[in-house]
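Take a look at the letters that make up each chain.
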Amino acid sequence: MADIIREAIRIAKTGRPGPVLVDIPKDIQTAKCEFEPAAKVEKPKAKPAKDADVEKACAMIEESLRPFIYFGGGAVRAESGELLIKLADKIDAVMGCSMMGLSEVPTDSPRFLGMQGMHGHYACSKAMAKADLVIAVGARFSDRATGNPSKFSAGARKIHVDVDFSEIGKNIDVNLGCACDINDFLTKLIEKVEEKKNPNWMNKIEKLKTQEAEMEQQDFLPELAVEKVSDIVTDDTEIVTDVGQHQMWVAQFYNFRNKHTWISSGGLGTMGFGLGAAIGASYGSGKRSVLFTGDGSFGMNLNELATAVTYNVPVTIVIMNNGVLGMVRQWQTLFYGKNYSNTTLGRKTDFVKLAEAFGCAGYRASTIEEFESVFKKAYETEGPAVIDLTIDKDAFVLPMLPPGGSYDKIILDREE
């Protein structure tokens, strides 16, 4: 068993980190044996970048007029943010990220256009579609990022850098694939690539930014609430989400200023992830965390509130309560002829009374003025606090790329 545990640790730490399940039968658990000490399992070093790959990347950048840097969770793991900014500055490129890449580059960084993909920022998704060179770093080109793979950045050459060899070319064909230490690759590339300017590309980017600004919804409560939290909390506050519309609104509108302050489930639609993760984030950082959740997601694991109260965990919980399973309802509205099946919950749970029953503070809000007032109180509370924020059941996450669609079909308005 000891050797199997060591092997599990090695696998978990190798390449792209991840969980490993070890199933230990009952007879093994109760058996006695001599323990044989062994060396500590060390995290293996990633392969260095090949000089030939760096040279080819330099040549591709030199030929490019519209470069776009796309990064994901692998860049967060490697803490590549500063290198990405240096590369973007040197080759006059713009940047975008997958949902899991959020917080690695400050939201207000001049060249950063935000999250790309199904619910990404308009300017970011459009820029990636118009680019003639996409440099992907620590991202896997998931279907949420690409839409229709055959039409994804069809006119662009692609460089894919990732520590995990199996990701290279798995979802999208690339012109140059580099399975190596991404920081080593970026360092060598920054050193060798020629500095360049792309004025026409930057002019197009400014026009896209202007178009995006003109599309913003006025007095949109979910956006205002997320932005208000961003203004109030400290820069190092860890922001946690569950899964659903609220998750996308936070990804779109929160102003991340510090690394590792975005904690969200990136796969399998794990509603109920948030509260346990927020408790863990608070313990890990020793500071107050903020959880954005929905009434559907919160209902999955609200029993964990007992843990938060028992141990007086400093976590502020914002429930965006629309009385429905909002993301599924949005799909049913847009793509299924408004045939609403099992998305209008009809629950009569009073989350304020529920919070008080568990032993923590509960607040209610339905306007941005009320929300700002109660959030400040909840954020200053010693232990956990719950805010029930009422939002419209038909508030949509936009823009939206239709599933399997291309970026010339982005939905900007629910009436489209």
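Here's what I pulled together on the structure shown here. Treat the numbers as computed from the prediction; the structure is a model and nothing was measured.

### Quick notes on the overall build of the chain
Working step 1: Looking only at helices and strands, the chain features 17 helices and 12 strands.
Working step 2: Relative to its length of 416 residues, the chain is compact, with a C-alpha radius of gyration of 23 Å against a globular reference of 22 Å.
Working step 3: In terms of overall dimensions, the chain has C-alpha extents of about 70 × 65 × 40 Å along its principal axes.
Working step 4: Put simply, 73% of the contacts in the chain that link residues at least 6 apart link residues at least 24 apart.
Working step 5: Taken as a whole, the chain presents about 20,100 Å² of accessible surface, with 51% of it coming from carbon and sulfur.
Working step 6: Distance between charge centroids for the chain: 3 Å, based on 48 positive and 57 negative side chains.

### Here's the deal with helix H9 (residues 199-215)
Working step 1: In this model H9 runs 25 Å from its N-terminal to its C-terminal C-alpha over 17 residues, within 8% of the 24 Å that 1.5 Å per residue would give.
Working step 2: Looking at H9, one finds that the buried residues are Trp-201, Met-202, Ile-205, Leu-208 and Glu-212. The arc enclosing the buried residues of H9, seen along the axis, measures out at 115 degrees, which places them on a common side. Among the exposed residues of H9, those oriented more than 90 degrees off its buried face are Pro-199, Asn-200, Lys-207 and Glu-214.
Working step 3: On its buried face, H9 sits against strand E1 (67-71), strand E2 (94-97), strand E3 (112-115) and helix H6 (122-130).

### Observations concerning the environment of Ile-9
Working step 1: Within the fold, Ile-9 resides in helix H1 (residues 2-13).
Working step 2: Separated by 335 residues in sequence, Ile-9 and Thr-344 have C-alpha atoms that sit 43 Å apart.

### What to know about the sheet that holds strand E4 (residues 133-137)
Adjacent strands of a sheet form backbone hydrogen bonds with each other and so pair up, either parallel or antiparallel.
Working step 1: On the basis of which strands lie adjacent, the open sheet formed by 6 strands has the order E3-E2-E1-E4-E5-E6 and parallel pairing. Every interior strand has two partners, whereas the edge strands, E3 and strand E6 (176-179), have only one. Averaged over neighbouring strand pairs, the angle between their axes works out to 15 degrees when direction is ignored.
Working step 2: Of the pairings in the sheet, the one linking strand E5 (residues 157-162) to E6 comprises 4 bridges and is parallel in character. Looking at the pairing, Val-161 lines up with Cys-178 of E6.

Conventions we followed
Here the residue index of a chain counts from 1 through its sequence in written order. For a predicted model such as this one, the threshold for reporting local features is a pLDDT of at least 70, and the threshold for listing and counting side-chain atom pairs is 80 or more; totals across whole chains, interfaces and linings nevertheless cover every residue. Side-chain numbers come from the whole structure's heavy atoms, not from hydrogens or water. Labels follow the DSSP assignment, with helices taken as runs of H or I lasting at least four residues and strands as runs of E lasting at least two, numbered in each case from the N terminus. Every radius of gyration here is taken over C-alpha atoms, with the globule rule written as 2.2 Å times N^0.38, N being the number of residues. We call two residues in contact whenever any of their non-hydrogen atoms come within 4.5 Å of each other. Using the Shrake-Rupley algorithm and a 1.4 Å probe, accessible areas are obtained, with residue cover drawn only from the displayed protein chains. Positive charges are assigned to Lys and Arg, negative charges to Asp and Glu, while His and the chain termini are left out of the count. Working definition for charges: the position is that of NZ of Lys, CZ of Arg, CG of Asp or CD of Glu. Expected span of a helix: the number of residues minus one, times 1.5 Å. Think of it in three bands: residues with accessible area under 20% of the maximum for their type are buried, residues over 50% are exposed, and the middle band is partly exposed, with areas taken using a 1.4 Å probe on protein chains only. Read the arc as the range of directions from the helix axis to the C-beta atoms. A strand pair is defined by DSSP finding two or more bridges across the two strands. Only the contacting stretch of a helix is used when fitting its axis, a line to C-alpha atoms as for every element, and angles between N-to-C directions run 0 to 180 degrees.

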